[in-house]
Amino acid sequence: MTSVLVALVLVLGLSLLVVGLVRLAFVPAALVFEARRRRDAPGPAGCGPMFPDAPFVSVVVPAYNEAVVIENCVRSVLRTEHPAFEVVCVDDGSSDDTFERMERLAAEFPQVRALRQENAGKGAALNTGIAAARGDVLVLVDADGLFRPDTVTRLLRGFRDPRTGAVCGNDRPVNLDRVQTRLLSLISHVGTGLMRRALDVLGCLPVVSGNIGAFRRDVLDATGPLRTDTLGEDLELTWRVHREGYRVTFAPDALVYAESPSTVRALWRQRVRWARGLLQVTGMHRSMIGNPRYGPFGIYLVYNTAAQIVAPFVQVLALVALAVLVAVDGPEGWVPASWWAWVLLVGLPLSLGLLLLAVGLDRAPGDLRQLWTLPLWPVYSTMMTLVVLDAARLELGNAENRWNKLDRTGTVSVRGLVDDDGPGS
C-alpha cells in the first residue's frame, strides 16, 4: 500500500509539473493577446470593426427541464444594451413547466419566441432554433446562463475581421455556495484567463463554449447543422468552423455566469460527458490531426490529442511501473528528503504563479478569496485523469449518448445578475 501511495504522489506531482511547464510556454502568446486587445477599436457601431451597423442578433436558448433557471436566463438577455436582437427559446420536450414559462415570457416581451419539439437532444434543439432565427449573428447559450448588459456587445467585438467565423465568450461560475464550486471558480481561470487567450493568438482555439458562443449566419450555412450523434456538439461544430478555413477568437469581456456542478457525482458525470464528446469528435475529425492543410489548428490537434487523450493512459502506466519499482527498491530512494523538495517536485510554485497570472488577466482579483480551496486541486486533477479512462470504457462499450444534464439549483451568488424580486433570487 505504501508503494502505491508513493507512486501516486510522484506521478501526480510530476504530471502537474509537466502540465505547468507546457502552460508556461503559452504565456507569451497570452500576453500578446492582451497587448493587441488594448489596440482593438470598438468600431463605428460599438460592435467591432466588422459591423458598420449593429447586426441583428438571435440568442438561441435550448432547454430541457429548465424551469428553475429559464426565466432568469431570458430576462438577463433582455437587459442587453445591444439594440437589435431576439431570443429564440426551444423546449426539447420537457416534462416540467419549462415551455409554459417560455410562453409567458413570449407573451410579455415581443423579442422572445417560444418553440417546442419532441425530445431529441440539445443539438437538435439548437438546430430548430437556428432554423427559426432571423439574425445575422447567432449566439448559442445554455438555459442557466446569466448575461450582463454588455455581454452581447462584447461578444460581437470578437469578430475582428472577415476571417473570423465564431467567437467564444467567457463563462464564470454563478453558484459559489459549495467548496467544490469555489475551487472551480478559481482554477477555471487557467483555462479562460491564460489558455484561451494564447490559443486565440495561435489560431488554435479548439472549442466555442456551449455556454456562450457567437457564430456568423453565413458560416453556419457553410458548416451545416449541429450533429446530433455526439455528446460534444459544441466542440464538433468548432472543429468544422476551422475546417472551413475560418478563425475562432476569444472575447474575455463577454461574460456569462452559469451553474457549475455542486456535487462530486454531478462533476464526474459532466466531465465524463465532455471526455466522451472529445473522443467522439477526435474520431470524427481524425483526418485533421497533424494535417497542415488546416494550418496551425491541424498541428495543434496533435498536442491536444496527446495531452487530453493519451496522457491519462500514460499516467496510469507510469503509476503501475513506479509502484512496482518502489515496492522492489523501497520508498527511501524515491521520496524527497525535505518539504521544499516536495514542493518543487509537484510544481506548486509554478502552478500557483500561472494561476495568479490567469486571475490577473481575467481581472478577477476577488476570486483569490477562494485560494483556501487549492489543496483540493491535486485531487481534482487525479479525478480528471480517471474521467478520461471511464469515458474510454464507455465508448469502447458503445454506451448510449446520455446528456446527463446538471440538476439546476437556481443559486445565484453573484450580485446584480437577476432582479431582486425575480425568479430564483
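Residues numbered from 1 in each chain as written. Predicted model: local features only at pLDDT ≥ 70, side-chain atom pairs only at ≥ 80, totals over all residues. Heavy atoms only, no water.

Student: Just give me the short version of the overall build of the protein, but keep the residues and values in it.
Tutor: On a plain count of helices and strands, the protein comes out with 13 helices and eight strands. Here the protein holds 425 residues, and 53% of them are scored as buried. Pairs at least 24 residues apart make up 82% of the contacts formed inside the protein by residues separated by at least 6 positions. Accessible area of the protein: about 18600 Å², with a carbon and sulfur share of 60%. (Helix = DSSP H or I, 4+ residues; strand = E, 2+ residues; numbered from the N terminus. Buried < 20%, exposed > 50% of the residue type's maximum accessible area, 1.4 Å probe, protein only. Contact = heavy atoms within 4.5 Å. Areas by Shrake-Rupley, 256 points an atom, 1.4 Å probe, with all protein chains shown as cover.)

Student: So what about the sheet that holds strand E5 (residues 146–147)? Which residues, and what values?
Tutor: Here we have eight strands laid out as an open sheet, ordered E3-E2-E1-E4-E7-E6-E8-E5, and mixed in their pairing. Each of the sheet's edge strands pairs with one partner strand only, and the pair in question is strand E3 (112–117) and E5. Bridging between strand E2 (residues 85–92) and E3 involves six bridges; their strand directions are parallel. Each residue of the ladder has a partner; that of Val-87, found in E3, is Val-112. Packed onto the sheet, helix H2 (residues 70–78) meets strand E1 (57–63), E2, E3 and E5 and runs at close to 165° relative to E2. Seen against the sheet, helix H3 (residues 98–108) touches E1, E2 and E3 and runs at an angle of roughly 155° to E3. (Pairing = 2+ DSSP bridges. Axes fitted to C-alpha atoms, helices over the stretch in contact; angles between N-to-C directions.)

Student: Can you break down the pairing of strand E7 (residues 212–216) residue by residue, with the values?
Tutor: By the criterion of burial, E7 is predominantly enclosed, with five of the five residues buried. Of the two faces of E7, the one carrying Ile-212, Ala-214 and Arg-216 and the one carrying Gly-213 and Phe-215 are both buried. In terms of strand pairing, strand E4 (residues 137–141) meets E7 through five bridges, oriented antiparallel. Paired with Val-139 across the bridge in E7 is Ala-214.

Student: Tell me about helix H6 (residues 179–202), and name the residues and values.
Tutor: The terminal C-alpha atoms of H6 lie 34 Å apart, and with 24 residues this matches the ideal 34 Å at 1.5 Å per residue to within 8%. Remark: the principal bend of H6, roughly 35°, maps to Met-195. The buried fraction of H6 amounts to 19 of the 24 residues, a majority that puts the element mostly inside the structure. Positive backbone phi, at 75°, marks Gly-203, one or two positions downstream of H6. (Expected span 1.5 Å × (residues − 1). Bend = angle between axes of the 7 residues up to and from the residue.)

Student: An account of H3 is requested, with residue identities and associated values reported.
Tutor: Of the positions making up H3, those classed as buried are Thr-98, Phe-99, Met-102 and Leu-105. Taken end-on, H3 shows its buried residues confined to a sector of 120°, consistent with a single buried face. (Arc of directions from axis to C-beta.)

Student: I'd like to hear about the packing of H2 against H3, residue by residue, with values.
Tutor: Where H2 meets H3, the axes come as close as 10 Å, and the angle between the chain directions of the two elements is 25°. Accordingly, the angle class assigned to the pair H2 and H3 is roughly parallel. The two elements H2 and H3 meet at a crossing, and its hand is right-handed. Contacts between H2 and H3 involve Ile-70, Glu-71, Val-74 and Arg-75 on the former and, on the latter, Arg-101, Met-102, Arg-104, Leu-105 and Glu-108. Per-class residue counts for the contact of H2 with H3 are four nonpolar, no polar and five charged. (Parallel < 35°, antiparallel > 145°, perpendicular 65-115°, else oblique. Left-handed = near helix turned anticlockwise from the far one by under 90°. Nonpolar A, V, L, I, M, F, W, Y, C, P; charged D, E, K, R; others polar.)

Student: Please give an account of the packing of aromatic side chains that cites residues and values.
Tutor: Per the counting criterion, the structure on display carries five aromatic pairs. The interplanar angle of 80° and the centroid separation of 5.9 Å between the aromatic rings of Phe-51 and Phe-159 together place this pair among those described as edge-to-face. In this pair, Phe-51 sits in the loop between helix H1 (2–39) and E1 while Phe-159 sits in the loop between helix H5 (151–156) and strand E6 (164–173), placing the two residues 108 residues apart along the sequence. For Phe-159, a relative accessible area of 0% puts it in the buried group. Aromatic pair Trp-239 and Phe-297: ring centres 5.9 Å apart, planes at 80°, arrangement edge-to-face. (Phe/Tyr/Trp six-rings, centres within 6.5 Å; stacked < 30°, edge-to-face > 60°.)

Student: Requested: an account of the pairing of strand E8 (residues 247–258), with residues and values cited.
Tutor: Judged by how many residues are buried, E8 sits mostly within the fold: eleven of twelve residues are covered. Bridge analysis of E5 against E8 gives two bridges, and the strand direction is antiparallel. Of the residues in E8, the one forming a bridge with Leu-146 is Tyr-257. Bridge count for E6 against E8 is eight bridges, and the pairing is parallel. Directly across from Arg-172, in E8, lies its bridge partner Tyr-257.

Student: Hey, could you go over the nonpolar core for me, with residue numbers and the actual values?
Tutor: Membership of the largest hydrophobic core comes to 45 residues, with the highest contact counts inside it found for Leu-138, Leu-140, Leu-194, Phe-215, Trp-239 and Phe-297. If we skip the residues at most four places from it in the chain, Leu-140 touches Val-60, Leu-126, Ile-130, Gly-210, Asn-211, Ile-212, Gly-213 and Phe-215. In this structure, Leu-78, Cys-89, Leu-155 and Phe-159 belong to the second largest nonpolar core, which totals 34 residues. (Core = buried A, V, L, I, M, F, W, Y, C linked by side-chain atoms within 4.5 Å.)

Student: Just give me the short version of the environment of Ala-275, but keep the residues and values in it.
Tutor: Summarising the element assignment, Ala-275 is placed in helix H9 (residues 264–284). Beyond its immediate sequence surroundings of up to four residues, Ala-275 is in contact with Val-387, Val-388 and Ala-391.

Student: Before we move on, could you go through the side chain of Glu-86 and cite the residues and values that matter?
Tutor: Tracing the sequence through the fold places Glu-86 in strand E2. Accessibility expressed as a relative area gives 2% for Glu-86, which makes it buried. There is a polar contact of 2.6 Å between the side chain of Glu-86 and the side chain of Ser-58. A distance of 2.8 Å separates the side chain of Glu-86 from the backbone nitrogen of Arg-134, its partner in a polar contact. Apart from the residues within four sequence positions on either side, Glu-86 is in contact with Phe-56, Val-57, Ser-58, Val-59, Gln-111, Arg-113, Ala-133, Arg-134 and Gly-135. (Polar contact = N/O pair within 3.5 Å; in protein donor to acceptor, adjacent residues only side chain to side chain.)

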